[in-house]
Each structure stands twice: as structure tokens, then as C-alpha cells.
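Observations on the three-dimensional arrangement
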Amino acid sequence: MSRFKKSKFNPETLQIEVISYSVKDYVWWSLRNIGWIVLVGTSSILLFDFAFDSPKDRVQSREIAFLESQISRLENDIDEMVSVLDNIEVRDDAIYRTIFGTDPYPEYRRNPGIGGADRNRALRGYDHTDDISDLTVRVAEVQRRLVAQSRSFDEVIELANTHEERLNSIPAIQPVRNYDLKRVASGWGNRFHPIYKVMKFHYGMDFSAPTGTEIFATGDGVVVKVRRSYTGYGRHIVIQHGFGYETLYAHMSKTLVVKGQKVIRGETIGLVGNTGTSVAPHLHYEVSKDGKKVNPAHYYFNDLTPAQYEILLQNAEVAHQSFD
Ligand SMILES: [Zn+2]
């Protein structure tokens, strides 16, 4: 077995001594040193890595911070869009649609609910799953509401285009001259029937006036019925105004239009009389909307001020007996 020699200064004896090692000792010594180096080196690298980000880590952290800030910016943007949209919807329902006398846009069309497949399945399993799926849901909601709002505006534009025609067609004046508002003999509601002598619902308004008084079409339209009868309405006319409106003028002494004739508001269509089931010369006037009789008193907005309207309603209310 060969031996390795090594000189070493001994401070106690002050002599240089020669120490000899076996190969085994030498290999063991080397391995131990290598072991230490590896251990210290590895732990230094690990500690360093733990304490300090690598350049790649730093880039990724910056990237994540950037994305998080973008997510919260988008959330704020959506908040803003939703509040603008809320405002547009309120204005649409409360102003635009009201101006044209139509109902608010139906809620079920504005917000039909999501339903169907799980839209967020692909987003599951990440740290930011909740944030992103919230965003996705809210963006989808805004999209739906925008589409609904756009359709609602299409309807409003259509209403605006036909607005003038509609305004001219709605039966919006009184059917006889009534400057002092004294002509109203009986209004809408339960009245004592002059012939049958019982309480009956009076589906119109009676205007007392001398025979021969002019009767006016209350809105633009087409005469759809001119009839002569010895009972009921007597000589009467029905005008169709479009947009769901129809008016009826009864107990006339004379009709001055023919079936199919176009008339405009204020045009004379006949004269007051006492024909049919009637006890005195008067005009019985009815307004129908979408096939249902409605109170004509609500439709005189074109020729009455609010104060006059109030008087008219009072006069119509105090009369307990209709002329039918
Ligand atoms: Zn009547």
C-alpha cells in the first residue's frame, strides 16, 4: 500500500513533522470536503432563490400585478356602464315611452336571465376564477340589456314616426260645441235609465243640445258604420280612428257622411236628434279603445284646459239620469 506524505509545522515542538496518510484516509478526506462544498453550495442557492426572485419570476409577478389591476379597472368600467344603462332605461320608460303613450319596455325582455349551460366551466381552477367569472357574467348582462334597449328604441322611433298621425287620430275633442260646458247631461258610470227605470251602467257621455246642433268627428278616421234604427242608438255613426280607437255618435236626426268616407277632426258628420231609445234631443257619445268602451271624458285634452275639464267632470257627475 503506497502512502502519501505531508509536511506539517508543529507549533508546540517548533519542528516540521512529516505525516503520512493512507490512500483510504485521503479519499475519505476528499469525499468529506466535496460533501461540505455541495451542501453549503446547494443551501446557498436555495436560500438565495428563496430570498430573491429570479428575473423571470420578477417579470411574471409584474405581469400578474398588471393583470389584477386591469381586472379591477374593468370592474369599475362595468360599474359605470351599468349605471349609465340604468339611467337610459329609466328615461326610456318614464319619458320617451310615456310621451308616446305606450307601456314601459317589459322587464322580462330587458333581463331574461342567463340559464342554459354553465358559461364559466372553462374558467374553473385558477386563482382568479371568481374575478374573471364575475366579469364574464356582468359583461353578458350588459350585452343583453343593450340589445333590449336598442330594440326598445326601435319601437320608440316607430312611435315617433307615427306620432303626428296618432295625435290627429285620437278622439281628443268634444263632439259638440260646448263653450259653457253646460251641455253635459250625463257621464260615464251608473245612471238611472230614463226608459227602463232602472240603474244601468252608462258607457258614454250625453250632451244635451237642441235638435239640429252640429256633431263633429272627434279625431281623424274613416266612417265604418252609418245606421238608422228605431230603437237603441237610433240614427248613429261609428268612426274608426286607427291605433285602437273607435267613436260612436247616437240618436242623430240626420247623418251627413257615408260609410267608407274619410273624415278629419272637427268635420261635421251629423245633427243632434232624438231617435232610438232617447227621451230628449241629445248626443250619446262613446269612445272605445282596443275594443273596450272607455270614459270619453278622458279624451277631451285638445279643447279643454285642466280647469274646464274639472267643471266638465263635475257636470257629468251630478246628472243622475242619462238621456241614453
Ligand atoms: Zn247616453
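Residues numbered from 1 in each chain as written. Predicted model: local features only at pLDDT ≥ 70, side-chain atom pairs only at ≥ 80, totals over all residues. Heavy atoms only, no water.

1. Some thoughts on the coordination of the zinc ion
Binding of the zinc ion to the protein goes through His202 (NE2), Asp206 (OD) and His284 (ND1), at separations of 1.9 to 2.1 Å. For His202, a relative accessible area of 2% translates into the label buried. You can call Asp206 buried: its relative accessible area is 0%. (Donors = N, O, S within 2.8 Å, 3.2 Å for Na, K, Ca; no water. Buried < 20%, exposed > 50% of the residue type's maximum accessible area, 1.4 Å probe, protein only.)

2. Re the domain arrangement of the protein
Interfaces are often sized by the accessible area lost when the parts come together. Segmentation of the protein into domains returns domain 1 (3-51), domain 2 (55-161) and domain 3 (184-318). Taken over C-alpha atoms, the centre of domain 1 sits 123 Å from the centre of domain 3. (Domains from an automatic or database assignment.)

3. Some words on the nonpolar core
Formed by 29 residues in total, the largest nonpolar core has its most connected members in Tyr249 and Ile269. Secondary-structure elements contributing two or more residues to this core are strand S6 (205-208), strand S9 (235-242), strand S10 (245-255), strand S12 (268-272), strand S13 (282-289) and helix H6 (306-318). (Core = buried A, V, L, I, M, F, W, Y, C linked by side-chain atoms within 4.5 Å. Helix = DSSP H or I, 4+ residues; strand = E, 2+ residues; numbered from the N terminus.)

4. Regarding unusual backbone geometry
Outside of glycine, negative phi angles account for most residues, and trans bonds account for most peptide bonds. The backbone phi angle of Phe243 is positive, close to 55 degrees, even though this residue is not glycine. A positive phi angle, near 65 degrees, is found at His251, a position not held by glycine. Along the chain, the position of His251 falls in strand S10. Under the relative-accessibility criterion, His251 is labelled buried at 1%.

5. Let's talk about the pairing of S9
Direction of pairing for strand S8 (residues 221-227) relative to S9: antiparallel, over a ladder of 5 bridges. Note that in S9 the partner of Arg227 across the bridge is His236. The antiparallel hairpin formed by S9 and S10 contains 2 residues in its connecting segment, where Phe243 sits at a positive phi of about 55 degrees. (Pairing = 2+ DSSP bridges.)

6. What about a nonpolar patch on the surface?
The grouping of Phe4, Val23, Tyr26, Val27, Trp28, Trp29, Leu31, Ile34 and Val38 at the surface amounts to a nonpolar patch, some 890 Å² of accessible area in total. Among the elements that take part in the nonpolar patch, helix H1 (residues 23-51) stands out by supplying 8 residues, more than any other. Among the structural elements, Val23 can be located in helix H1. (Patch = residues over 30% accessible without salt bridge, like charges linked within 9 Å, V, L, I, M, F, W, Y side chains within 5 Å. Areas by Shrake-Rupley, 256 points an atom, 1.4 Å probe, with all protein chains shown as cover. Salt bridge = Lys/Arg side-chain N within 4 Å of Asp/Glu carboxyl O.)

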